[in-house]
Amino acid sequence: MSEGSARDVPAKGARRRGAGGSRGYLHGDGVLHRLDPRVKVTAAIVLLVAILGIDTWAGYAAMAGVVVVAAALGKIPGMRLVKAVQGVGFLLFFTVVINGFFTPGASLFHVGPVALTYQGLMRGLALGCRLALVVGAMSLLAATTKPLDLAHGLGWLFGPLRRFGLPVAELAMVTSIALRFVTVLGEEAKRIRIAQKARGIEIGDRPLSRATSLASIVVPLFAGALRHADELGMALEARGYRPGARRGRLYPLRVGLGDVICLVAAAAIAVVSWGWL
């Protein structure tokens, strides 16, 4: 296990923060947690290519099995994947409906002037399966990789683009800050809701009342985001951050045997998916 991955292993009895959430990093000591972030980002992209190459139901089922096995190796709760897919439930439904009603083919039944076709329904379900698999794979990547490590992996992957004048280091920094702000703003919104409930402000269950009640959260949340951004800017200046300067790491990353096995497995899955599935 490399020095950089040793930081991901929590102390015995440590609290698994965010274990019930549907996004964000989960502290753990699974196999995926110990992999090099550069390897995980590369393997995730290879798996995305593999998912795009599948066009059979057996292939979708096999890839779903791969995601489940990866979640087991990373010790990620199954509900984490379920909640991640539920988060794009409306998009999945929209994909199936749009393809079902606007793809020519054998009509199953009519809804007014439009008809639901068998070919459209199968195409929509196939695209929905691809989307669900992509969301599941990305959820695993986010759950087993710290935001800073993920940004470092992306920066390393797109490092050759520096030759074309692209500010890769700055983009990686912005990505890491954005990923961190998602968690910070989520906690800020939770605190605001608790404070409003303590003052007798209830958020209704109906969509209209919920939208009206959430309007009272937007202003303090926006103000809090500006405050956090100002504090972050002052912290960067205090630490002497200079855009474009070469940065080092306290824990150097090293590729080990487990990383090589992960890359070989991802490449093999991609070849099988494009060649036989």
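To keep things clear, this report deals only with the structure shown in the data block.

Definitions and limits used
Residues numbered from 1 in each chain as written. Predicted model: local features only at pLDDT ≥ 70, side-chain atom pairs only at ≥ 80, totals over all residues. Heavy atoms only, no water. Helix = DSSP H or I, 4+ residues; strand = E, 2+ residues; numbered from the N terminus. Buried < 20%, exposed > 50% of the residue type's maximum accessible area, 1.4 Å probe, protein only. Contact = heavy atoms within 4.5 Å. Areas by Shrake-Rupley, 256 points an atom, 1.4 Å probe, with all protein chains shown as cover. Pairing = 2+ DSSP bridges. Phe/Tyr/Trp six-rings, centres within 6.5 Å; stacked < 30°, edge-to-face > 60°. Lys NZ or Arg CZ within 6 Å of the ring centre and 35° of its normal. Salt bridge = Lys/Arg side-chain N within 4 Å of Asp/Glu carboxyl O. Axes fitted to C-alpha atoms, helices over the stretch in contact; angles between N-to-C directions. Parallel < 35°, antiparallel > 145°, perpendicular 65-115°, else oblique. Left-handed = near helix turned anticlockwise from the far one by under 90°. Nonpolar A, V, L, I, M, F, W, Y, C, P; charged D, E, K, R; others polar.

A short note on the overall build of the protein
Scanning the protein from terminus to terminus reveals 10 helices and two strands. Across the protein, helices and strands are ordered from the amino to the carboxyl terminus as α-α-α-α-α-β-β-α-α-α-α-α. Residue burial in the protein is summarised as follows: out of 277 residues, 30% are buried. Restricting the contact set of the protein to residue pairs at least 6 apart, pairs at least 24 apart contribute 72%. When the accessible area of the protein is evaluated, it comes to approximately 16900 Å², of which 68% is carbon and sulfur surface.

Quick look at the pairing of strand E2 (residues 114-117)
For strand E1 (residues 107-111) and E2, the ladder comprises four bridges, and the chain directions are antiparallel. Bridge pairing in E2 places Val111 opposite Val114. Connecting E1 to the antiparallel partner E2 that follows it, the hairpin turn spans two residues, and Gly112 within it adopts a positive phi of roughly 70°.

Notes on the packing of aromatic side chains
Scanning all chains against the criterion turns up two aromatic pairs. Aromatic side chains Phe90 and Phe94 sit 6.3 Å apart centroid to centroid with 25° between the ring planes, which places their arrangement in the stacked category. You can see Phe90 and its partner Phe94 sitting in helix H5 (residues 89-102), four residues apart, about one turn around the helix. You can call Phe90 exposed: its relative accessible area is 66%. Exposure remark for Phe94: the relative accessible area of 44% places this residue in the partly exposed category. Over the ring of Trp156 we find Arg38; its NZ or CZ atom is 5.6 Å from the centre of that ring.

Some points on the pattern of salt bridges
Following the criterion strictly, the structure yields four salt bridges and no others. Between Glu188 and Arg227 there is a salt bridge; the shortest N-O distance is 3.5 Å. You can see Glu188 sitting in helix H8 (residues 168-198) and its partner Arg227 sitting in helix H9 (residues 207-238), a full 39 residues away along the chain. A relative accessible area of 9% means that Glu188 is categorised as buried.

Focus: the packing of helix H4 (residues 78-86) against helix H6 (residues 118-144)
The N-to-C vectors of H4 and H6 enclose an angle of 125°; their axes lie 9 Å apart at closest approach. Between H4 and H6, the crossing angle belongs to the class labelled oblique. The two elements H4 and H6 cross, and the hand of that crossing is right-handed. For the pair H4 and H6, contact is made by Arg80, Leu81, Ala84 and Val85 and by Ala132, Val135, Gly136, Ser139, Leu140, Ala142 and Ala143, respectively. Its residues assigned to classes, the contact of H4 with H6 comprises eight nonpolar, two polar and one charged.

These figures capture arrangement, not role.
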